[in-house]
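Spelled out from the first residue to the last, the chains are:
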Amino acid sequence: MPELANKDACDLLDADHVAVKHLFVEYARLAMVTPDATADREPLARRICADLTVHAQVEEEIFYPALREVIDEPDLLDHATEEHQQAKGLVARIEGLPQAGPEMDELVTRLVQVVEHHVKEERTKIFSKARSAPALDLFALAGALMARQQELEASTPSSPRRRGSRAS
Ligand SMILES: [Fe+2]
Ligand SMILES: [Fe+2]
């Protein structure tokens, strides 16, 4: 996650979106240049799953509930939560695969589609509503998100790289 200074909650969450997009691109690149070396992209798939799990959890625990209190858009947030469930279903299937292979590639491709659609909706609908809600302190919320994210990352052994510096 980026430095906290001058970043609001939407900036922090969107930095995660950008970071996972980079991982998706790298996965697709490996699948294209070395299609048979499926084991090489397995750690990447696991990292994508770990990162998305933490990201969805902090949104559901902290960001969405804070938004529900100040904007009257329950359908929007219910829809976003349903999209999380879709992504979590795919993450669970990827994590449950005994080894990398065509099925993992297929599931990651579907996960990319679900996540990219969801991220687009967060950016265009949810973040704009959050930023126009005067009662919402997005900077305080950023602190809460970051603290919880660090706590979750510290208890996720499969995602050690997240502690300390992040790619974006
Ligand atoms: Fe998000
Ligand atoms: Fe989300």
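See the structure shown above.
The structure reproduced in this document is the subject of the present report. (Residues numbered from 1 in each chain as written. Chains lettered and ligands numbered in written order. Predicted model: local features only at pLDDT ≥ 70, side-chain atom pairs only at ≥ 80, totals over all residues.)

**Some remarks on the overall build of the protein**
Keep this limit in mind: The helix and strand labels rest on DSSP assignments: H or I over at least four residues marks a helix, E over at least two residues marks a strand, and numbering proceeds from the N terminus. C-alpha atoms define the radius of gyration in this analysis, and the globule rule sets the expected value at 2.2 Å times the number of residues to the power 0.38. By the convention adopted here, residues make contact when the C-beta atoms placed from their backbones lie within 7 Å.
Within the protein, the secondary structure is distributed over 5 helices and 0 strands. Here the protein has a C-alpha radius of gyration of 16 Å; the compact-globule value for 168 residues is 15 Å, and the two agree. Overall, the C-alpha framework of the protein stretches about 55 × 35 × 25 Å when taken along its three principal axes. When contacts within the protein are restricted to residue pairs at least 6 apart in sequence, those whose partners lie at least 24 apart make up 75%.

**A look at the packing of helix 2 (residues 38–70) against helix 5 (residues 138–154)**
In plain terms, the rule: Angles run from 0 to 180 degrees between N-to-C directions of axes, and those axes are lines fitted to C-alpha atoms, restricted for helices to the stretch in contact. Reported orientations rely on four angle classes, namely roughly parallel under 35 degrees, roughly antiparallel over 145, roughly perpendicular from 65 to 115, and oblique for the rest. For any pair of crossing helices, the crossing counts as left-handed if the nearer helix is rotated counterclockwise from the farther one by less than a right angle, and right-handed if it is rotated clockwise. Charged means Asp, Glu, Lys or Arg here, nonpolar means Ala, Val, Leu, Ile, Met, Phe, Trp, Tyr, Cys or Pro, and polar covers whatever is left, Gly included.
Direction vectors running N to C along helix 2 and helix 5 enclose 150 degrees, while the axes themselves pass 10 Å from each other. In this view, helix 2 runs roughly antiparallel relative to helix 5, as classed from their interaxial angle. Between helix 2 and helix 5 lies a crossing whose hand is right-handed. Contacts from Val54, Gln57, Val58, Glu61, Ile62, Phe63 and Ala66 of helix 2 reach helix 5 at Leu141, Ala144, Leu145, Arg148, Gln149, Leu152 and Glu153. Split into classes, the residues belonging to the contact of helix 2 with helix 5 amount to 9 nonpolar, 2 polar and 3 charged.

**Quick look at the packing of helix 3 (residues 74–96) against helix 4 (residues 102–131)**
Packed helix pairs are specified by the crossing angle of their axes together with the interaxial distance, meaning the distance between the axes. Closest axis-to-axis distance for the helix 3/helix 4 pair is 9 Å, and the angle between their directions is 160 degrees. Considering their axes alone, helix 3 and helix 4 lie roughly antiparallel with respect to each other. Relative to helix 4, the crossing made by helix 3 is left-handed. Residues Leu76, Ala80, Glu83, Gln86, Ala87, Leu90, Val91, Arg93 and Ile94 of helix 3 form the contact with helix 4, whose own contacting residues are Met104, Leu107, Val108, Arg110, Leu111, Val114, Val115, His118, Glu121, Glu122, Lys125 and Ile126.

**Looking at the environment of aspartate 8**
Within the secondary structure, aspartate 8 sits in the segment before helix 1 (9–33). On a C-alpha basis, the gap between aspartate 8 and leucine 145 in space is 10.0 Å, while along the polypeptide they are 137 residues apart.

**What about helix 2?**
The criterion, for reference: What a helix should span is 1.5 Å times the count of its residues minus one. To get the bend at a residue, fit one axis to the 7 residues ending there and another to the 7 starting there, then take the angle between the axes.
End to end, helix 2 covers 46 Å across 33 residues, agreeing with the expected 48 Å (1.5 Å per residue, within 8%). Approximately 40 degrees is the largest bend angle found in helix 2, and it occurs at glutamate 60.

**Observations concerning helix 5**
Spelled out, the test is: With C-beta atoms placed from the backbone, a residue is buried if 20 or more other C-beta atoms are within 10 Å of its own, exposed if 12 or fewer are, and partly exposed between those counts. Read the arc as the range of directions from the helix axis to the C-beta atoms.
Taking 1.5 Å of rise per residue, 17 residues should cover 24 Å, and helix 5 covers 24 Å from first to last C-alpha, within 8% of that figure. Among all positions in helix 5, only Leu141, Ala142, Leu145, Gln149 and Glu153 are buried. Buried residues of helix 5, seen end-on, are gathered within an arc of 105 degrees and therefore sit on one face of the element. Exposed positions of helix 5 whose direction lies more than 90 degrees from the buried face are Ala140, Glu151 and Ala154. For helix 5, the secondary structure elements touched by its buried residues are helix 1 and helix 2.

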